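# Understanding the architecture of this molecule
Chain by chain, the residues run as shown.
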Amino acid sequence: MTFNAAALLLLIAGLALMGWLAGRARSSLLAGRAGTKLHSRPQYHGWYVALWLFAPAALFLAVWSSVSPALITNQVLTSEAAQSLPSFGFERGAILSDARSVAEGKQAAVRLPAAAPLVKPYSDATHRYAWIGIAAMLALALAGGLYAFTRIRPDFRARTRVEKIVMLFLLLASLVAILTTFGIVLSLLFESIRFFRLVSPAELLFGTTWAPTSGAPQPGTFGGIPLFWGTVLIGTIIAMIVAIPIGMMTAVYLTQYAAPTVRKWVKPLLEILAGVPTVVYGYFAALTVAPALREFAVMLGIPNASTESALAAGIVMGVMIIPFVSSMADDSINAVPQAMRDGSLALGATPNETIRQVLIPAALPGVMGGILLAVSRAIGETMIVVMAAGLSANMTANPFASVTTVTAQIVKLLTGDQEFDSAKTLAAFALGLVLFLVTLLLNIVALRIVKKYREAYE
Amino acid sequence: MNRQTTPTDWKGATMQKRIAGRYAAERRFKAVGLGAVLLSGAFLAFLLFVMVGNGVRGFTYTHVSVPVDFKAMPLTIDTARLGDADADQVIANAGLADIVAFAADEALGADGSKLISENAWKEVRSAIKADPELLKSKTVFELPASSEVDIAAKEGAKGALGAKVDALEKDGKLSTGIHWPFFKNADATDPAVAGIWGALKGSVLTIFIAFLIAFPTGVLAALYLEEYAAKNRWTDLIEVSINNLAAVPSIIFGLLALAVFINWFGLCQASPLVGGLTLALMTMPVIVIASRNAIKSVPPSIRDAALGVGASPVQVVFHHVLPLALPGILTGTIIGMARALGETAPLLLVGMRAFIGDVPGGICSPSTVLPMQIFLWSDEVDRGFVEKTSAAIIVLLIVLLSMNAFAIYLRNKFEKRW
């Protein structure tokens, strides 16, 4: 008998349904008997009972399922069999979790002999806390339901109460976004601080050698500059050289020259480029683009051309970002008042002179904002660089060489060993923090620019 | 003002040349624009062409006809036990693998057993389980070829293997058919039996969890912000964090999930539950933004009319605004879910990278997802996996494109001008 939260949740949901029916029936009965009008319609009385039945019990269930494992372990530790356990550390934890798996029926027999005497205390404690939990939860549910049920009277304002609870739910839902943001900041910060106790922030930000090893951190091996350079080379230089001209010209052609029907078909077609999963781009870059580029480089006589190249990853990433740049440019070109365009054409300028000398300068702030957002997206992109750019940290301007980026290193650091105290694992969180701050800054600046520009014509 | 001006001589040679130059520039500019559009289109076409070209072959597989004579090599098992739960084990212990290998050697010449997949005998096993009568006779089985033979048959090969395959082909012993194990199995080390069903089911479970959490939360948050929230510092904070979350790189969500869900709450690692929670946090902002736009487009007159006949603010929203905004909300949700379905990076960090040879049983059992399966296969050295990878990509693209097409259909169908 273990504490199965999902089944219990279903149980109280079932009870709540019964509460809903009872509350509704009771209120209609009262209305009929007294001959008075109900303040609220019967279903609101039903909801009132159901909510009182469900919410406290569910809340208790959530709290209980997170604290009960600790309570169970405490109980086991006071038992006689636990006195012979090793005092602290890894071994102790392994024995305890072995005994727990057997007690919960996840495992047929103990793997560690020392765990055998603990199985019985464990299963006793588990049973005991499961029963305590279930009894308390049912008591809460029934108490809540009874309380609400006794308050049903014709003049009871059930609807107002229910609506207050609904509003609470709405508020809670919108707080999830803040919670997530805090969660990101706190978890990154917390782990990064642990990393910076081992390695100084200055080394991460300004060091030039990246060669992390497991175990105690060697001085001078956590220099982030090669990663930052690789990220800039792929995400801001190569990808943008591809994406900006093609994206801009696509937007210009589609807004200014293309017939409406052409635009209607071509635009969603190009947006497919943004919807293709990045793992597909990564595979395509590694399988098709990179070998072709390598042959091209060898043909040009470039030594040490690698099959994993910054160029392959950058070009494919640039293509992925084209629809992003073009739709931002599209928006800002469309936001330029028609009068400016008409004025220029009326003076005798050709369409291309109008576009180059009137529309694009007027749309420039919006376009710049769009480009900054695209850059932020490119430096956060992971799969393409993991698959096509390689994992060796090189500081080179040669686009045919293999470079690595911040995101690729985060993946590399966290998919190897899973010890959570080594500087190597923690470094991933510090890199994540840098990435988060940089993209946040880019986004804020970009949104500022876009917003400011939009106000100019209104 | 009596400045001397000479009228422009439009017909003159210099002016005509200038006009022609400007028109030429105009044509060039237009051509460059068209070129940009065509270039992106060409890239898309090339990408799809390469994937389909490689992947179509992954849906088929080469089979070799191997006669197995159970009269000459009897498989000594009790047929009554074939219905038992441990029938697989019983047959394996009786030495069926050796019998099949021997039959292949006999039928295809020396080393014939190397021409068929090392898992080929499992096909014989399921055939026997379905029809125990086979044990009394000689039957010709169409067994999956080994990966090398499959590639050689599809692409042609040189040397001894190529000659062997050509000979088999001439004898009519090779056949090509739809490769059902690809759709029915989970990952395996042998490309002859590796399939996507495990990953597909993992994807469905993960997306289901993500939808279950992100959709209600996103819609309720959007309703609150759009309909009820007072304009103050708190709602500004909520708005700013939603907009920022929508632009945070996806891998950051992986770091959050690793630190919070796995290391802190100790939820089951590598499971659809954790993957779904991670993707839910990622898609929620997208759903909020799309829902707010849909809610904003419902005209105020509808709210005023409902309030005018005595509805409470909650009733106005849930009885009138929400149903009218729902098509727009759903469109945004489907697009957000499609994006989550193609996501790999955050799931890499919560351990969904492991090799999983089983179809996941529930939301807490280890599993992988389709994009992750593609990533894992792309790293395989075995050449048989190259076409598997592209075939899996085709499946993923078909799912994603049909989701997006459905969203566009929904938008067009319910688009309203008030």
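How each quantity is defined
- Residues numbered from 1 in each chain as written.
- Chains lettered and ligands numbered in written order.
- Predicted model: local features only at pLDDT ≥ 70, side-chain atom pairs only at ≥ 80, totals over all residues.
- Heavy atoms only, no water.
- Helix = DSSP H or I, 4+ residues; strand = E, 2+ residues; numbered from the N terminus.
- Rg over C-alpha atoms; globule rule 2.2 N^0.38 Å.
- Contact = heavy atoms within 4.5 Å.
- Areas by Shrake-Rupley, 256 points an atom, 1.4 Å probe, with all protein chains shown as cover.
- Lys, Arg positive; Asp, Glu negative; His and termini not counted.
- Charge placed at Lys NZ, Arg CZ, Asp CG, Glu CD.
- Pairing = 2+ DSSP bridges.
- Axes fitted to C-alpha atoms, helices over the stretch in contact; angles between N-to-C directions.
- 1 Å grid on protein atoms, 1.4 Å probe; cavity = no way out; pocket = protein on both sides within 12 Å on 5 of 7 lines; lining within 4 Å.
- Points joined across faces, edges and corners; volume = space filled by probe spheres on them.
- Nonpolar A, V, L, I, M, F, W, Y, C, P; charged D, E, K, R; others polar.
- Left-handed = near helix turned anticlockwise from the far one by under 90°.
- Parallel < 35°, antiparallel > 145°, perpendicular 65-115°, else oblique.
- UniProt positions renumbered as here; feature names shortened; annotations may be inferred.

As named in an unreviewed UniProt entry, chain B is Phosphate transport system permease protein PstA, taken from Sphingopyxis macrogoltabida.

With that settled, the discussion passes to the overall build of chain B. A count of helical and extended segments in chain B gives 16 helices and three strands. Its C-alpha radius of gyration of 31 Å places chain B more than 25% over the 22 Å reference for a compact globule of 418 residues. Dimensions of chain B, computed from the C-alpha atoms along their principal axes, are close to 115 × 75 × 40 Å. For chain B, the proportion of contacts with a sequence separation of at least 24, taken over those separated by at least 6, is 76%. A total of about 20,200 Å² of accessible surface is found on chain B, and carbon and sulfur atoms cover 61% of it. Counting 37 positive and 36 negative side-chain charges, chain B places the averaged centre of each group 16 Å from the other.

Residue and element names in this part refer to chain B. Pairing is antiparallel in the open sheet, where three strands are placed in the order β2-β1-β3. The open sheet is flanked by β2 (138-144) and β3 (174-178), the only strands paired with a single partner. Geometrically, the sheet is characterised by an average inter-axis angle of 40° between neighbouring strands, direction not taken into account. Bridge analysis of strand β1 (residues 60-69) against β3 gives five bridges, and the strand direction is antiparallel. Each residue of the ladder has a partner; that of Y61, found in β3, is G177. Strand contacts of helix α5 (residues 147-155): β1 and β3, with the helix running at about 120° to β1, the strand carrying the most contacts.

On to empty space enclosed by the protein. It is the rolling of a water-molecule-sized probe over the atoms that shows where space remains empty. Residue and element names in this part refer to chain A. Considering all chains together, one arrives at three cavities of 30 Å³ or more under this definition. Reported here for the largest cavity is a volume of approximately 60 Å³. Along the walls of the largest cavity sit T250, A251, L254, K267, L270, E271, P323, S326 and D330, which together make up its complete lining. Listing elements by their share of the lining of the largest cavity, those giving two or more residues are α7 (225-257), α8 (260-275) and α10 (310-335). Each residue belonging to the lining of the largest cavity can be placed in one class, and the counts come to four nonpolar, two polar and three charged.

What follows covers the packing of helix α9 (residues 278-300) of chain A against helix α16 (residues 384-414) of chain B. Each pair of packed helices can be described by the angle between their axes along with the distance between the axes. Here α9 of chain A crosses α16 of chain B at 145°, and the two axes come no closer than 11 Å. Along this stretch, α9 of chain A crosses α16 of chain B, giving a crossing that reads as left-handed. Within the contact between the two elements, α9 of chain A uses V280, Y283 and L287 of chain A and α16 of chain B uses V386, T389, S390, I393 and L396 of chain B. When grouped by side-chain class, the residues that make up the contact of α9 of chain A with α16 of chain B number six nonpolar, two polar and no charged.

The next thing to look at is the packing of helix α2 (residues 42-78) of chain A against helix α5 (residues 158-198) of chain A. All names here are of chain A. Two elements in contact, α2 and α5, have axes separated by 8 Å at closest approach and are oriented at 50°. With respect to their mutual orientation, α2 and α5 come out oblique. Note that α2 runs across α5; the crossing there is left-handed. Residue-level contacts link Y44, H45, W47, Y48 and L51 of α2 to A158, R159, R161, V162, E163, I165 and F169 of α5. Taken together, the residues of the contact of α2 with α5 sort by class into eight nonpolar, one polar and three charged.

Turning next to the UniProt feature "transmembrane region" (unreviewed entry) in chain B. All names here are of chain B. Under the local residue numbering, the UniProt record ascribes the feature "transmembrane region" (unreviewed entry) to residues 31-52, 204-225, 245-267, 273-295, 316-338 and 391-410. For residues 31-52, the end-to-end C-alpha separation is 30 Å, with 100% helix and 0% strand making up the annotated structure. Between the first and last C-alpha atoms of residues 245-267 the distance is 23 Å; the span itself is 78% helix and 0% strand.

Moving on, we come to the UniProt feature "domain: ABC transmembrane type-1" (unreviewed entry) in chain B. Under the UniProt annotation, the feature "domain: ABC transmembrane type-1" (unreviewed entry) is placed at residues 200-407 of chain B. In residues 200-407 of chain B, helix accounts for 77% and strand for 0%; the two terminal C-alpha atoms are 21 Å from one another.

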